[in-house]
Structure formats: C-alpha cells, structure tokens
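Spelled out, the chains give:
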Amino acid sequence: MQSSKRAQASEHVPTQSPVAPDRAVLEKRTSGDPAEAGKAGQATEVTVVDPAMVKRAVSAAALGNAMEWFDFGVYSYIAVTLGHVFFPSGNPTAQLLSTFGAFAAAFLVRPIGGMVFGPLGDRIGRQKVLAITMIMMAAGTFAIGLIPSYASIGVGAPILLLVARLVQGFSTGGEYGGASTFIAEYAPDKKRGFLGSWLEFGTLAGYVGGAGLVTLMTALLSTHDLHSWGWRIPFLIAGPMGIIGLYLRMRLEETPAFAQLEKEARTKEKARREAEKRIGIREMIFGQWRAMLLCIGLVLVFNVTDYMLLSYMPSYLTSELKYDETHGLMVVLAVMVLMMCVQPFAGRLSDRVGRRPVIAAGCVGFLVLSVPALLLIRQGSLVAIALGMAALGLLLVCFTSSMPSALPALFPTKVRYGSLSIGFNVSVSLFGGTTPLVVTALIGATGDRMMPAYYMMAAAVVGGIAVLLMSESARKPLPGSPPAVETEAEAREIA
C-alpha cells in the first residue's frame with residue numbers, strides 16, 4: 001500500500017514504490033463533478049503486488065514459523081522421556097502430567113508476550129518484532145538442551161526447564177499474530193487464503209521435523225542412551241536453526257500496510273497517525289471487542305484440535321493405549337505429511353468458496369466424527385489407528401488452511417498485529433496449550449479414555465458459533481487497506 005508516483009488511471013502505469021519496492025499503488029482521482037468535490041483526498045488506491053517480494057515474505061514467515069514450532073513438536077513427542085529425566089516418579093501418569101504441566105506453563109505467559117510484542121509490532125514494524133521473537137525462541141530451546149538432569153542437580157533441573165519454557169512462551173506470544181499479519185498484508189486479495197496456508201505448512205513442517213527426529217532417535221538409541229544424552233540433540237539443533245531463521249527475517253522488507261502507515265505519519269496527517277500508532281492495549285481489546293471474541297472462538301477450535309492431534313495423541317497412544325511408541329510416532333508423522341500435501345489446495349479452496357464454508361466444514365466434521373475416529377484409534381491395529389488419525393488430520397486442515405487468512409481480516413491495520421496477538425494467545429493459553437494437561441487429568445479423574453473426543457466436540461460447538469457470526473473475508477481487501485491485486489490491468493479495472 002505504498003504511495004508511489006500517483007496519476008490518473010487512464011494515463012499512467014503505477015511505478016514501484018521507493019519506500020517498499022514490493023508493491024505499487026494506483027490511485028483514481030476524483031473528477032470535476034461537484035458531488036465529488038467534497039471528497040478531496042479520498043482516492044481509490046489499488047495495490048499492485050510484486051510476486052517476487054511476496055514469495056520471499058511468505059517463504060521467510062513460513063520457514064521461521066517452522067523453526068519456532070520445531071521445538072513444540074520435539075517437546076510433545078519426547079514428553080515421556082522428559083518425564084523420566086526431569087520428573088522422576090514411580091507413577092508414569094504423574095510424570096506425564098508434570099511434563100505437560102511445564103509444557104502448559106509456556107502458554108500462561110503467551111498472552112503477556114502478545115501484549116508486549118503485538119503493540120510493539122504495530123508501533124515499530126512487523127519485521128523487527130518477528131526478528132526479536134526468532135532470537136528469543138531459539139535461545140530458549142537451545143537452553144533446554146543444556147539443562148542438567150534431575151539426577152545431577154535435583155529440583156533445580158525442572159525449575160530451569162520451566163524458566164526456559166517461559167522464555168519460549170513469551171517469545172511465541174508475538175509469533176503467530178506477526179507472521180499471519182505479515183503474509184496477509186503482502187498477499188493479493190484473491191490469493192490470501194492460498195498464500196496464508198503456507199504459514200501452517202511451515203508449522204506442520206516443523207512438527208514433522210521434530211517428530212521425524214524423535215522417531216529416528218527412538219528407533220536407533222537404547223532407552224538408557226535416550227534418557228542420558230539422546231534427548232538433548234533436538235533442542236541443541238535449535239541454535240543453528242535460529243541463526244538461519246533470523247537471517248531470513250532480517251532480509252525482509254517491512255509490510256506495505258505498516259510502511260504506508262508510517263509514510264502517512266510524515267505527511268499532513270502526522271498528528272492523527274501518530275495518535276493512532278499510540279493506541280493502547282485497552283483500545284486493542286475493548287475497541288475491537290466483537291472481533292476479539294470471534295478471534296478467541298475461532299482460535300479455540302483451531303488450537304484444541306491442533307494440540308489434541310499433533311501434541312497429545314502420541315502420548316495418548318503410548319501411555320493410555322499402551323501402543324508401541326515408535327509405531328505411534330510414525331503414524332502421527334505420516335498424518336502430518338498427508339496434511340502438508342493437502343494444505344495448499346485447501347487454502348486455494350478457501351479463496352474460491354470462502355473462509356466460512358471451509359472452517360464450518362471442519363467444525364461440523366469434528367462434531368460428528370470425533371467419537372468414531374477415536375473408536376477406530378482405540379481398536380489398536382495399525383490400519384485402524386492410521387484411518388482414525390487421518391480423518392482427524394484432514395478435518396484439521398480446514399482450520400490450518402483458512403485461519404492464517406481469516407484471523408488477520410478481523411482487525412484493521414492500525415491494531416491488527418496487537419489485537420490479533422492478544423486474542424490469539426489468550427485463547428491458546430486458556431484452551432489450546434492446556435489441552436494435553438486437561439485431557440490427561442480428565443482421563444485420570446474419570447477413567448474414560450474417550451475424553452479426547454468429547455473435548456474436540458465441545459470445541460467444535462464454540463467454533464461453529466464463531467463461524468456463524470463472522471463475516472466472509474475471501475477476495476476482499478483487509479480492513480483499513482486498499483484492494484491488492486497481482487497485475488496493473490486488475491488495478492485499472494478496479495480503479
């Protein structure tokens with residue numbers, strides 16, 4: 001949305017913006033009609049996207065997100081081992097609860113991270129904040145690989161683990177909102193779903209990387225080696241991965257939407273724009289209360305089902321169903337690869353039919369199929385488990401492919417990063433990240449191993465209500481932004 005050389009649409013071709021060379025803007029000026037005379041300055045701007053810059057932005061955001069979520073995949077899939085290393089106890093359920101408790105603790109500080117990094121991203125820029133979150137996440141993950149075991153330093157070991165997890169959670173508070181905002185503000189309107197779907201493709205790639213590494217280690221290492229030193233390897237890899245992710249993000253230009261906001265702050269509207277940029281957290285929450293509630297509801301169903309399938313199910317297969325650990329991890333890994341293959345096509349589908357139908361299909365599917373899918377999984381055979389997990393995975397793609405484009409469209413540019421980060425992380429902290437802990441506790445209290453299905457069904461009801469109340473955003477400009485197109489011909493047609 002960068003203001004470049006502006007001219008009448010019928011006479012000039014838009015030129016590249018000197019501020020952000022990734023886009024150009026075409027402006028339709030008012031005619032001499034008296035009815036338009038009072039609309040001075042209210043021009044119709046159309047953003048023309050530079051495909052090369054968009055590809056770079058999407059790739060960097062997705063790759064960075066994959067590196068961020070590599071740790072979450074590793075932590076989830078190696079949870080049983082971490083329970084032995086940091087929480088020695090004669091009760092396997094207590095060990096698993098303690099490990100998932102440390103996992104959930106990171107989500108308690110995510111809203112704080114969102115409240116810090118979100119407004120900061122709206123004030124100093126998306127790119128700068130995403131670089132900061134990359135550094136902090138890599139440092140926290142790398143530190144876990146260096147922590148001595150409980151057998152070496154006693155209670156200090158789980159305390160240090162908790163501190164490292166809190167650093168990770170704080171940094172992740174600014175990650176998803178920033179990455180999804182970054183892609184959404186670069187993407188042309190008619191391809192925002194397709195391009196946004198690559199963000200969750202990166203998330204799945206991170207999970208696959210973590211799951212694949214843990215699966216390989218579990219197959220190659222003895223239990224003694226895995227408990228003594230093998231578990232450290234995935235976390236230590238985060239160091240060089242973080243450097244790569246930081247390099248990719250530092251090479252990015254600022255998003256056009258934010259750069260336009262900054263440019264306008266240096267014009268005759270400086271005072272008003274500066275006031276907008278100083279919008280406080282109160283305005284980001286209560287000034288956007290309806291969008292905030294919709295965001296929380298959508299994120300609830302998205303993350304409860306996400307963490308249930310990708311984080312909790314490996315441990316559920318091992319601890320509750322006594323299924324072979326290696327085979328369980330391989331099934332989950334195969335399901336994630338399947339999801340990655342379907343993800344871009346589902347994102348393109350959301351551009352064609354809309355975000356609401358795709359998300360609604362996921363909600364209805366989880367409401368109807370959660371119990372049958374879990375019953376299949378509980379049969380215990382490899383085929384039955386694979387079919388049940390695949391069914392849940394394909395339903396989850398309805399969310400992973402649509403949410404990165406649907407959520408940023410709930411908020412205007414001036415508060416998008418902040419409001420989305422706060423709403424997203426509040427919902428994840430309360431409902432998503434606590435899913436493994438809550439479901440494990442519910443099974444322990446009731447003895448009912450169908451609790452995962454009931455929990456997903458409840459989340460689907462909440463998500464369905466949010467879908468009914470949200471507006472369709474596919475093929476439409478983001479709130480507070482002009483239309484974004486791929487070609488100058490499209491820009492002229494709109495203008």
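Residues numbered from 1 in each chain as written. Predicted model: local features only at pLDDT ≥ 70, side-chain atom pairs only at ≥ 80, totals over all residues. Heavy atoms only, no water.

Colleague: Help me understand the nonpolar core in this model?
Modeller: Generally speaking, soluble globular proteins have nonpolar side chains that are buried together. One finds M336, F399 and L407 to be the most contacted residues of the largest nonpolar core, which totals 117 residues. A total of 17 residues in this core trace back to one element, the largest contributor, which is helix 17 (residues 289–320). Among the nonpolar cores identified, the runner-up in size contains five residues, and V46, V48, A491 and A495 belong to it. (Core = buried A, V, L, I, M, F, W, Y, C linked by side-chain atoms within 4.5 Å. Buried < 20%, exposed > 50% of the residue type's maximum accessible area, 1.4 Å probe, protein only. Helix = DSSP H or I, 4+ residues; strand = E, 2+ residues; numbered from the N terminus.)

Colleague: I would appreciate a short explanation of helix 10 (residues 192–220) in the present structure.
Modeller: For the α-helix, the turn length of 3.6 residues means that residues three or four positions removed from each other point alike. Across its 29 residues, helix 10 extends 42 Å between first and last C-alpha, which sits within 8% of the 42 Å expected from 1.5 Å per residue. For helix 10, the tally of buried residues reaches 21 of 29 residues, placing the bulk of the element in the interior. (Expected span 1.5 Å × (residues − 1).)

Colleague: Just checking my understanding: could you explain the environment of I494 for this structure?
Modeller: By secondary structure assignment, the location of I494 is in helix 25 (residues 488–494). Note: C-alpha distance between I494 and A484 (ten residues apart in sequence) is 9.9 Å. In this structure, I494 is in contact with V46, P483 and V485, ignoring residues within four places of it in sequence. (Contact = heavy atoms within 4.5 Å.)

Colleague: It is not clear to me how the layout of surface pockets should be interpreted in this structure. Could you clarify?
Modeller: If you roll a probe as big as a water molecule over the atoms, it shows you where there is empty space left. Counted as a void, the second largest pocket has a volume near 300 Å³. Considering each element in turn, the lining of the second largest pocket owes the most residues, eight residues, to helix 2 (residues 51–77). Here the lining of the second largest pocket is built from residues that sort into 13 nonpolar, two polar and four charged. (1 Å grid on protein atoms, 1.4 Å probe; cavity = no way out; pocket = protein on both sides within 12 Å on 5 of 7 lines; lining within 4 Å. Points joined across faces, edges and corners; volume = space filled by probe spheres on them. Nonpolar A, V, L, I, M, F, W, Y, C, P; charged D, E, K, R; others polar.)

Colleague: How should I be thinking about helix 9 (residues 175–186) in this particular structure?
Modeller: Between its first and last C-alpha, helix 9 extends 17 Å over twelve residues, near the 16 Å set by a 1.5 Å rise per residue. Burial in helix 9 covers these residues: E175, Y176, G177, G178, A179, S180, T181, F182, I183, A184, E185 and Y186.

Colleague: Would you explain the pattern of salt bridges in this entry?
Modeller: Any two side chains of opposite charge can pair, on the condition that their charged atoms come close. Tallying each qualifying case throughout the model produces six salt bridges. Where E486 meets K190, a salt bridge forms, and the shortest distance between an N and an O atom there is 3.6 Å. In this pair, E486 is assigned in the loop between strand 3 (484–485) and helix 25 and K190 in the loop between helix 9 and helix 10, connecting sequence segments 296 residues apart. Residue E486 is classed as partly exposed on the basis of its relative accessible area, which comes to 28%. Residue class for K190 comes out partly exposed when judged on its relative accessible area of 40%. We note a salt bridge from R355 to D351, for which the minimum N-O separation is 2.9 Å. (Salt bridge = Lys/Arg side-chain N within 4 Å of Asp/Glu carboxyl O.)

As far as function goes, none of this settles anything; it's purely spatial.
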